Amino acid sequence: MNSSNSELPRWEALAHTTIANTRIFAVRSTRFRHPVRGTERDFIVIDPPDWVNVVALTRDRRIVLVQQFRYGIDEFSLEIPGGVIEAGEEPIIAGVRELQEETGYTGAPGRILGSVHPNPAMQSNRCHFVYVEDAELTQPLAWDADEEMRVVVLPADEVFALARSGGITHSLTLNALLLFEPVWRELSRVGG
């Protein structure tokens, strides 16, 4: 399905006003006008940087995960490693960096599985998914000041089962696993 639809009217952005700048994103109000009705409305948009998440598969077919406390849900979350892409940084480089910093794992050169808009209703950024194969523990951890996590390495089939049963609820991790699943099916078919 094509993301552009000539039958739908495209709202026109008129003006932007910054409401807040935080450490991790900016919040702006954007005034839009409907091209047919002429109505104008202010919509809130969050401008975070692009993110990257990494599916890292070890030689023995385990996926590298992290479990960490997440302030937004006031709970622990099991997810794949990831983080912010620095200004000017390529997604694959950022993914390999985040994997190493958060887990100590490195591997074969990464490749892009795909990317998504995390929440296009209110966010302007993209999240890129990187696949790293032959991952192995080779480096010390290099967490940011507020990061604490437990590295969990589970068989890929178990990770997919956790995703399907509600044991993994992080939406971007679920997106990454969806994009990784065809790769996993091919690896399973070829490798037995």
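Computed from a predicted model, the values in this text were never measured in an experiment.

Visitor: Mind laying out the pairing of strand 5 (residues 62-70), listing which residues take part and the relevant values?
Guide: Residues in a regular strand point their side chains to alternate faces of the sheet. As paired elements, strand 5 and strand 11 (residues 149-155) share seven bridges and run antiparallel to each other. Within strand 11, the position partnered with arginine 62 by the bridge is proline 155. Pairing between strand 5 and strand 6 (residues 75-79): five bridges, direction antiparallel. Its bridge partner being in strand 6, glutamine 67 is matched across the sheet by leucine 78.

Visitor: Residues and numbers for the sheet that holds strand 1 (residues 12-21), please.
Guide: Strand pairing in a sheet is mediated by backbone hydrogen bonds. Such pairs are either parallel or antiparallel. Pairing is antiparallel in the open sheet, where three strands are placed in the order 1-2-3. Edge positions in the sheet fall to strand 1 and strand 3 (40-47), since each has one partner strand and no second. Sheet twist, expressed as the mean angle between neighbouring strand axes with direction ignored, is 25 degrees. Here eight bridges tie strand 2 (residues 26-33) to strand 3, and the two strands are oriented antiparallel to one another.

Visitor: Break down the nonpolar core for me, citing the residues and quoting the values.
Guide: Ranked by internal contacts, the top residues of the largest apolar core, which has 24 residues, are Ile63, Leu65 and Phe180. Per-element tally for this core: the top contributor is helix 3 (residues 171-191), with six residues. Those residues in contact with leucine 65 that sit more than four places away from it in its chain are Leu78, Glu79, Ile80, Pro81, Arg150, Val151, Val152, Leu154 and Val159. In terms of nonpolar packing, the next biggest core, distinct from the first, is built from eleven residues, Val64, Leu99, Tyr105 and Val132 among them.

Visitor: So, a nonpolar patch on the surface: which residues are in play, and what are the values?
Guide: On the surface, Phe69, Tyr71 and Phe76 cluster together to form a nonpolar patch covering roughly 370 Å² of accessible area. Within the element layout of this structure, phenylalanine 69 appears in strand 5. Overall, the relative accessible area of 31% leaves phenylalanine 69 in the partly exposed class.

Visitor: So what about unusual backbone geometry? Which residues, and what values?
Guide: Residue arginine 61 is not a glycine yet carries a positive backbone phi of 65 degrees. Inspection of the secondary structure puts arginine 61 in the loop between strand 4 (51-58) and strand 5. By relative accessible area, which is 27% here, arginine 61 ends up partly exposed. Unusually for a residue other than glycine, aspartate 134 sits at a positive phi of about 60 degrees. Looking at the element boundaries, aspartate 134 is found in strand 10 (residues 127-137).

Visitor: Go over helix 1 (residues 91-103), please, and point to the residues and values.
Guide: Across its 13 residues, helix 1 extends 18 Å between first and last C-alpha, which sits within 8% of the 18 Å expected from 1.5 Å per residue. What helix 1 keeps buried is the set Pro91, Ala94, Gly95, Glu98, Leu99, Gln100, Glu101, Glu102 and Thr103.

Visitor: How would you explain the pattern of salt bridges if you had to name every residue and give the values?
Guide: Applying the stated criterion to the full structure yields 14 salt bridges. As a salt-bridge pair, aspartate 47 and arginine 28 come within 2.6 Å of each other at their nearest N and O atoms. Taken as a pair, aspartate 47 in strand 3 and arginine 28 in strand 2 lie far apart in primary sequence, 19 residues in all. Residue classification places aspartate 47 among the partly exposed positions, given a relative accessible area of 25%. As a salt-bridge pair, glutamate 89 and arginine 97 come within 2.8 Å of each other at their nearest N and O atoms. By relative accessible area, which is 17% here, glutamate 89 ends up buried. Overall, arginine 97 belongs to the partly exposed group, its relative accessible area being 22%.

Visitor: Describe in detail the environment of aspartate 60, supporting the description with residues and values.
Guide: Of note, aspartate 60 is situated in the loop between strand 4 and strand 5. Taking the relative accessible area as the measure of exposure, aspartate 60 reaches 51% and is therefore exposed. Sequence separation of aspartate 60 and alanine 156 is 96 residues, and the distance between their C-alpha atoms is 9.5 Å. Side-chain polar atoms of aspartate 60 contact the side chain of threonine 58, separated by 2.4 Å. At 3.3 Å, the side chain of aspartate 60 forms a polar contact with the side chain of arginine 62.

Thresholds, definitions, all that
- Residues numbered from 1 in each chain as written.
- Predicted model: local features only at pLDDT ≥ 70, side-chain atom pairs only at ≥ 80, totals over all residues.
- Heavy atoms only, no water.
- Pairing = 2+ DSSP bridges.
- Helix = DSSP H or I, 4+ residues; strand = E, 2+ residues; numbered from the N terminus.
- Axes fitted to C-alpha atoms, helices over the stretch in contact; angles between N-to-C directions.
- Core = buried A, V, L, I, M, F, W, Y, C linked by side-chain atoms within 4.5 Å.
- Buried < 20%, exposed > 50% of the residue type's maximum accessible area, 1.4 Å probe, protein only.
- Contact = heavy atoms within 4.5 Å.
- Patch = residues over 30% accessible without salt bridge, like charges linked within 9 Å, V, L, I, M, F, W, Y side chains within 5 Å.
- Areas by Shrake-Rupley, 256 points an atom, 1.4 Å probe, with all protein chains shown as cover.
- Salt bridge = Lys/Arg side-chain N within 4 Å of Asp/Glu carboxyl O.
- Expected span 1.5 Å × (residues − 1).
- Polar contact = N/O pair within 3.5 Å; in protein donor to acceptor, adjacent residues only side chain to side chain.

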